Amino acid sequence: MPAETTSRDEVERLLRVFSYEVRQGGFAQLLFNMRGENLAAMEDMLIAVGAPRAQDFYVRAIREALADRDAYRELLSDWHSAAAVNLRSSLQLLSVEYLTGGPSLEREAQGWFS
């Protein structure tokens, strides 16, 4: 989803999704609710809005999920799956790190929030 070919509405929609999901439940919730869809589009949006810190943490979350594809598939199919406990825990630690240090997404992409 190169920024020049993406509508502003789609960028804003993905921005709202990222902001809400990560603040409400962290990267595990974001990945669960995305159901494996629009992963690249989400990263492209973070680049387009000028949010390098958010993009770095997002990429770290994706890498963490893909490091154990079986656990990731379990997470996507059943939030409460025992097989996904370690992945959820790892993503939760990453979420806490993201949410408690450095600039927020709203600050990084302040021109996109009204």
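What you see is a predicted model; the values in this text were computed from it and never measured.

Participant: Tell me what's going on with helix H2 (residues 39-48), and back it up with residues and numbers.
Facilitator: Those residues of H2 that fall on the buried side of the exposure criterion are Ala-41, Met-42, Met-45 and Leu-46. All buried residues of H2 lie within an arc of 140 degrees about the axis, which places them on one face of the element. In H2, the exposed positions that point more than 90 degrees away from the buried face belong to Ala-40 and Ile-47. Lining the buried residues of H2 we find helix H1 (8-34), helix H3 (52-67) and helix H6 (105-108).

Participant: Please set out helix H4 (residues 69-77) residue by residue, giving values where relevant.
Facilitator: For an α-helix, the turn length of 3.6 residues means that residues three or four places apart are oriented alike. The set of residues buried in H4 consists of Ala-71, Tyr-72, Leu-75 and Leu-76. Looking straight down H4, one finds its buried side chains confined to an arc of 140 degrees; they lie on one side. Counted as exposed and oriented over 90 degrees from the buried face of H4: Asp-70, Arg-73 and Ser-77. Next to the buried residues of H4 lie H1, H2, H3 and helix H5 (85-100).

Participant: Give a detailed account of unusual backbone geometry, specifying residues and quantitative values.
Facilitator: Residues other than glycine seldom take positive phi values, yet Arg-35 does so here, at roughly 55 degrees. Of note in this structure, Asn-38 is not a glycine but carries a positive phi near 60 degrees. Tracing the chain through its elements places Asn-38 in the loop between H1 and H2. Note on Asn-38: relative accessible area 40%, which makes it partly exposed.

Participant: Quick rundown of the packing of aromatic side chains? Include the residues and the values.
Facilitator: A complete count under the given rule lists six aromatic pairs for this structure. Between Phe-18 and Tyr-58, the aromatic rings sit 6.2 Å apart at their centres with planes inclined by 65 degrees, giving edge-to-face as the arrangement. Here Tyr-58 lies in helix H3 and Phe-18 lies in helix H1, a separation of 40 residues in the sequence. Assessed through its relative accessible area of 0%, Phe-18 is described here as buried. A relative accessible area of 2% places Tyr-58 in the buried class. On the basis of an interplanar angle of 70 degrees and a centroid distance of 5.3 Å, the ring pair of Phe-32 and Trp-79 is categorised as edge-to-face. One end of the pair, Phe-32, is in helix H1; the other, Trp-79, is in the loop between H4 and H5, and 47 residues separate them in sequence. Residue Phe-32 is classed as buried on the basis of its relative accessible area of 15%. Clustering of aromatic rings is evident, with ring pairs tying together Phe-18, Phe-27, Phe-57, Tyr-58 and Tyr-98. The positively charged end of Arg-8 is found above the aromatic ring belonging to Trp-112, 4.2 Å away from the centroid. Stacked on the ring of Phe-57, the Lys or Arg Arg-60 has its end atom at 4.6 Å from the ring centre.

What counts, and at which threshold
- Residues numbered from 1 in each chain as written.
- Predicted model: local features only at pLDDT ≥ 70, side-chain atom pairs only at ≥ 80, totals over all residues.
- Heavy atoms only, no water.
- Buried < 20%, exposed > 50% of the residue type's maximum accessible area, 1.4 Å probe, protein only.
- Helix = DSSP H or I, 4+ residues; strand = E, 2+ residues; numbered from the N terminus.
- Arc of directions from axis to C-beta.
- Contact = heavy atoms within 4.5 Å.
- Phe/Tyr/Trp six-rings, centres within 6.5 Å; stacked < 30°, edge-to-face > 60°.
- Lys NZ or Arg CZ within 6 Å of the ring centre and 35° of its normal.

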